[in-house]
Amino acid sequence: TGAQQSATVANPVSGASPDLLPHFQLEPEDVYIVKNKAVSLACRATPATQIYFKCNGEWVHQGDHVTQQSTDRSTGLPVMEVRIEVTRQQVEKIFGLEEYWCQCVAWSSSGTTKSQKAFVRIACECLWWPRWDRVLAPAAPHLCASPDLRKNFEQEPMAREVSIEQGIVLPCRPPEGIPPAEVEWLRNEELVDPALDANVYVTPEHSLVLRQARLADTANYTCVAKNIVARRRSASAAITVYVNGGWSTWTQWSGCSTSCGRGWQKRSRTCTNPTPLNGGAFCEGQNVQKTACTTLCPVDGAWSEWSKWSVCGAECTHWRSRECSEPAPRNGGRDCRGSELDTRNCTSELCSHATPGAEDVALYVGLVAVAVCLVLLLLVGVLVYCRKKGGLDADVADSSILTAGFQPVSIKPSKADNPSLLTIQPDLSTATMTYQGSLCPRQDGPAKLQLPNGHLLSPLGAGRHTLHHSSPAIEGADFVARLSTQSYFRSLPRGTTNMAYGTFNFLGGRLMIPNTGISLLIPPDAIPRGKIYEVYLTLHKQEEVRLPLAGCQTLLSPIVSCGPPGVLLTRPAILAMGHCVEASAENWSIRLKKQSCEGTWEDVLQLGAEPCTELYYCQLEAQACYVFTEQLGRFALVGESLSMAASKRLKLVLFAPAACPSLEYNIRVYCLSDTQDVLKEVIQLEKQLGGQLIGAPRVLHFKDSYHNLRLSIHDMPSSLWKSKLLASYQEIPFYHIWSGLQPFLHCTFTLERLSPSTCELACKIWVWQVEGDGQSFTVNFNIAKDTRFSDWLVPDSEVGAPALVGPSAFKIPFLIRQKIISSLDPPGTRGADWRTLAQKLNLDSHLSFFASKPSPTAMILNLWEARHFPNGNLSQLATAVAEVGKQDGALFAVSEAEC
């Protein structure tokens, strides 16, 4: 049964276009006649000039048609629509012969088109014959159908609870019926129309699908099945869309609960991102975090004693001064009140002014003498300048630089009263000194590299050579004062604790900040001949320099300045500094940042990528990086994590008071970036606090997993000690550590002795980021007399020379260095050149950078100097050079005549 498609084209006009044949916009459909109600059939076609119904092969009378004509607005073609009514009597006329059907036929100038057939049936369960009061079974099933709709659904929708944005499928299989039931859905008794809601659609199997659950979709859903006989409703299914709660971001840490001393600070978060709804789960975890804090107590300033009165001046006054330094105000304390300068009359207001006489004549004679001396000094200065111009263009050497082969240089003056020329600490003022000596190796020297006779080392000749170096007359503070007059250096610290400086010429040299791993190597000929530069190296405290970080970026190294910026360097200097990154290409993107003169930070190099300029290069090693730069300035190493496996090294250090006069005993656990400079600062801080180290430092790998660092203390003998910690552990927030901008993070465990006689402390301190990944300290310590770890506290006197000038700054003797450079820079036979040397020193990954420089060998030797000073093994370098030399018999040959 059902409509059968039979549309055809009948009698098309000869030569007509098929595009102008009528096509049906509406075709008649199968219907049932219920009781004696007539049914209506309709069809609509365009373009059509005529349209009629044909039922069971006979044309319906024209008068039985209801016709409407219109025009299609989009195409302008004529549209005709026709309707007829079919009564029960018309259907019963053909009872027993065939099924009653009707079909539309439409005409246009191009031909005719027929619609599908629509069958008309009489709906009945059986036929009653009232006269004889008996029931007759229908004789023709095609004439009398038996419509029905059962009561029970084959499948009904079920109630569900779903999370927001989750998909929902509500199945519905309607009852069997004749004709088949149509299905529609109700939401809270309102019809669901998929045409009005793109989030909803009904499948061909009558299931209702919600693509993404919304809060508005929380409702009762009912499946409705209906046909001409009945209308059935399924049981309602309650759908509840719930929302699980989520934490908001942490608030900022509150201020410390005390304005002076130890207290608490806290931060909080709320379960409102989002708020749990419709039975959703509440947030897991704590909504409040507490941590210990220590606020430095304010110290008010106090005046020092007055100085002695000055000499009585020409205006009959003298003065005295005092300073606000006993103590100086700090931590927000008040400044001293009153004046720092006091003046008064020194002649009881009786000033005598002598008449011109013999004293005035003596004054004039003195002024003339001073003028003559100035003229003489000017002439001497001109002569010195001329000699310097001639002397700086000659190579400078000393008789000792070849005596020990690759052994460290020891400069020996020719006279007993002659000061050391190359090992003094430089400063701003320069002096001109001379030395002389032979260039031949001494035969009685220590073991040395044997150089066979040859022709490659040119003689420099004997004579006197001029070397400019620093004089120790000016203090470091004077150098800083001179730099402070320039605007760019006003941010430099006004002291020399974290600063080194010196005066250098073409011989080069080295600056070092003791106990920090930070140094600046100025290679020979990096400073143009005839130039003398005053160079400084500064380690900045992180609170003094603002380094903006974004996203997952973190500071990996100290912030270091070398300068002055803008000076001309003909070869790259090498800045060495520590870092705390566990470097891997898949976990990190590491960049070298440099601060411009305008104060903005710029990326000048991305490690692992092709350098965009030849001005900068960086050799990254396990714990240090070596930055080649032809422009001095302020540098820092910054990393951005690419995965949660990225990690930084933390140095965990335990300190406690060296003396414990009270029952309370504090253990401070520092969590520091694993660089020497930070450890040095903490050691100096603990010295001021009277602290001592109570355990060997440990290293912890801190990962970018957003987990806080937790610290706890365990296994204390409860009969001797008790902890004042309120919670089971303390936490340091993840971002405080990861940013790297808070260098001295620590937690304090406050313990209490139950007896003043208790001195032995035994406990365990755990430090971890996630469960099972951390470090533990086993503390077994006598708080009164244990000094096992005092060797870690390096005395301030053990610092070494912060500045070295000329050959004393390098382990490789000058002439042997020049010999290696001149021999390995040109391409050698069988590969005996600088490439082979780089390979033997494990530096072959930097060949492209070395090749971009005028002297690749010099770059290799400079990097070796930066990496291995002062404890480098010259024998290993000599072995590597010798192995390169075996490939070329003429390499490193020197003759006796050249000496």
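Student: What is the right way to read the confidence of the model for the chain from this model?
Tutor: Residues shown with low pLDDT carry predicted positions that ought not to be read at fine detail. Confidence along the chain averages 77 in pLDDT terms, with 77% of residues attaining 70 or more. Put simply, strand E30 (residues 430-436) is where the chain has its lowest mean pLDDT, 31, and strand E38 (residues 573-578) is where it has its highest, 95. Note that pLDDT drops below 50 for residues 1-17; the model gives that stretch 36 contacts with residues more than four away or on any other chain.

Student: Even after reading the chapter, I still don't get the state of the cysteines, so can you show me in this structure?
Tutor: Chemically, a disulfide is nothing more than a covalent bond linking the sulfur atoms of two cysteines. Per the stated rule, a full pass over the model turns up eight disulfides. The side chain of Cys-260 participates in a disulfide bridge whose partner is Cys-297; the two sulfur atoms lie 1.7 Å from each other. The sign of the S-S torsion, about 90°, decides the handedness of the disulfide formed by Cys-260 and Cys-297: right-handed. In this pair, Cys-260 sits in the loop between strand E25 (237-242) and strand E26 (261-268) while Cys-297 sits in the loop between strand E27 (288-295) and strand E28 (317-321), placing the two residues 37 residues apart along the sequence. A relative accessible area of 39% places Cys-260 in the partly exposed class.

Student: Just to check I follow, could you spell out helix H4 (residues 676-689) for this structure?
Tutor: Two residues of an α-helix separated by three or four positions point the same way, owing to the 3.6 residues in each turn. Over its 14 residues, H4 runs 20 Å from end to end, which matches the ideal 20 Å to within 8%, given 1.5 Å per residue. For H4, the full list of buried residues reads Asp-677, Val-678, Leu-679, Lys-680, Glu-681, Val-682, Ile-683 and Glu-686. Tucked inside the fold, the buried residues of H4 contact strand E33 (509-513), strand E34 (518-522), strand E35 (533-540), strand E44 (647-657), strand E45 (664-673) and strand E46 (691-693). At the C-terminal side of H4, Gly-690 shows a positive phi close to 75°.

Student: Help me understand the sheet that holds strand E53 (residues 773-782) in this model?
Tutor: Read from one edge to the other, the open sheet built from four strands follows the order E50-E48-E52-E53, with strand pairing classed as antiparallel. Among the strands making up the open sheet, the edge pair consists of strand E50 (730-732) and E53. When the angles between neighbouring strand axes are averaged without regard to direction, this sheet yields 20°. Where strand E48 (residues 709-714) meets E50, three bridges bridge the pair, whose relative direction is antiparallel. Along E50, the bridge assignment pairs Leu-709 with Ile-732.

Student: Would you mind going over the nonpolar core with me for this structure?
Tutor: Where a protein is soluble and globular, its nonpolar side chains tend to be buried together. Grouped together as the largest cluster of nonpolar side chains are 70 residues, with contacts concentrated most on Ile-667 and Ile-765. Not counting residues within four places of it along the chain, the set of residues in contact with Ile-765 comprises Leu-654, Ile-667, Val-669, Ser-712, Ile-713, Phe-749, Gln-775, Ser-776, Phe-777 and Val-779.

Student: Before we go on, may I ask you to explain the pairing of strand E11 (residues 118-123) in this structure?
Tutor: In the case of a regular strand, side chains alternate between the two sheet surfaces. The element E11 is extensively covered by neighbouring structure, given that six of its six residues are classed as buried. Alternating positions in E11 separate into two faces, Ala-118, Val-120 and Ile-122 on one and Phe-119, Arg-121 and Ala-123 on the other, with burial throughout. Here four bridges tie strand E3 (residues 31-34) to E11, and the two strands are oriented parallel to one another. Note on E11: the bridge partner recorded for Ile-33 is Ile-122. One ladder, built from three bridges, connects strand E9 (residues 100-108) with E11; its direction is antiparallel.

Student: Even after reading the chapter, I still don't get a nonpolar patch on the surface, so can you show me in this structure?
Tutor: Together, Val-368, Val-372, Val-375, Leu-376 and Leu-379 give the surface a local cluster of nonpolar side chains, amounting to about 460 Å² of exposed area. Considering the arrangement of structural elements, one finds Leu-379 in helix H2 (residues 358-391). For Leu-379, a relative accessible area of 51% corresponds to the exposed category.

Student: Sorry if this is basic, but what is going on with the packing of aromatic side chains here?
Tutor: How two aromatic rings sit relative to each other is given by the distance of their centres and the angle of their planes. Across all of its chains, the model carries 15 aromatic pairs by this definition. When the ring of Trp-588 is compared with that of Trp-738, the centres are 5.6 Å apart and the planes differ by 15°; the resulting orientation is stacked. Here Trp-588, found in strand E39 (residues 588-595), pairs with Trp-738, found in helix H5 (residues 734-738); they are 150 residues apart in sequence, far enough to count as distant. Since its relative accessible area comes to 5%, Trp-588 is described here as buried. With relative accessibility at 3%, the residue Trp-738 sits in the buried group. In this structure, Arg-269 packs its charged tip against the face of Trp-247, placed 4.2 Å from the ring centre.

Student: Just to check I follow, could you spell out the environment of Trp-185 for this structure?
Tutor: You can see Trp-185 is positioned in strand E19 (residues 182-187). Judged by its relative accessible area of 2%, Trp-185 falls in the buried class. There is a polar contact of 3.1 Å between the side chain of Trp-185 and the backbone oxygen of His-206.

Student: How should I be thinking about the packing of helix H6 (residues 814-824) against helix H9 (residues 856-868) in this particular structure?
Tutor: One way to put it is that H6 packs onto H9 with a least axis distance of 8 Å and a crossing angle of 140°. Judged on the interaxial angle alone, H9 and H6 are oblique. Across the interface between the two elements, Arg-817, Ile-820, Ile-821 and Leu-824 of H6 pack against Thr-857, Ala-858, Leu-861 and Asn-862 of H9. For the contact of H6 with H9, a count of residues per class yields five nonpolar, two polar and one charged.

Student: What should I look at first to understand the sheet that holds strand E7 (residues 66-71) in this one?
Tutor: Pairing is antiparallel across the open sheet formed by four strands, whose spatial order is E2-E4-E8-E7. Single-partner strands in this sheet number two, and they are strand E2 (23-26) and E7. Looking at each pair of strands side by side, their axes are set apart by 25° on average, direction ignored. Pairing between strand E4 (residues 39-46) and strand E8 (residues 78-86): seven bridges, direction antiparallel.

Criteria and thresholds
Residues numbered from 1 in each chain as written. Predicted model: local features only at pLDDT ≥ 70, side-chain atom pairs only at ≥ 80, totals over all residues. Heavy atoms only, no water. pLDDT = per-residue confidence, 0-100. Helix = DSSP H or I, 4+ residues; strand = E, 2+ residues; numbered from the N terminus. Contact = heavy atoms within 4.5 Å. Disulfide = S-S within 2.5 Å. Buried < 20%, exposed > 50% of the residue type's maximum accessible area, 1.4 Å probe, protein only. Expected span 1.5 Å × (residues − 1). Pairing = 2+ DSSP bridges. Axes fitted to C-alpha atoms, helices over the stretch in contact; angles between N-to-C directions. Core = buried A, V, L, I, M, F, W, Y, C linked by side-chain atoms within 4.5 Å. Patch = residues over 30% accessible without salt bridge, like charges linked within 9 Å, V, L, I, M, F, W, Y side chains within 5 Å. Areas by Shrake-Rupley, 256 points an atom, 1.4 Å probe, with all protein chains shown as cover. Salt bridge = Lys/Arg side-chain N within 4 Å of Asp/Glu carboxyl O. Phe/Tyr/Trp six-rings, centres within 6.5 Å; stacked < 30°, edge-to-face > 60°. Lys NZ or Arg CZ within 6 Å of the ring centre and 35° of its normal. Polar contact = N/O pair within 3.5 Å; in protein donor to acceptor, adjacent residues only side chain to side chain. Parallel < 35°, antiparallel > 145°, perpendicular 65-115°, else oblique. Nonpolar A, V, L, I, M, F, W, Y, C, P; charged D, E, K, R; others polar.

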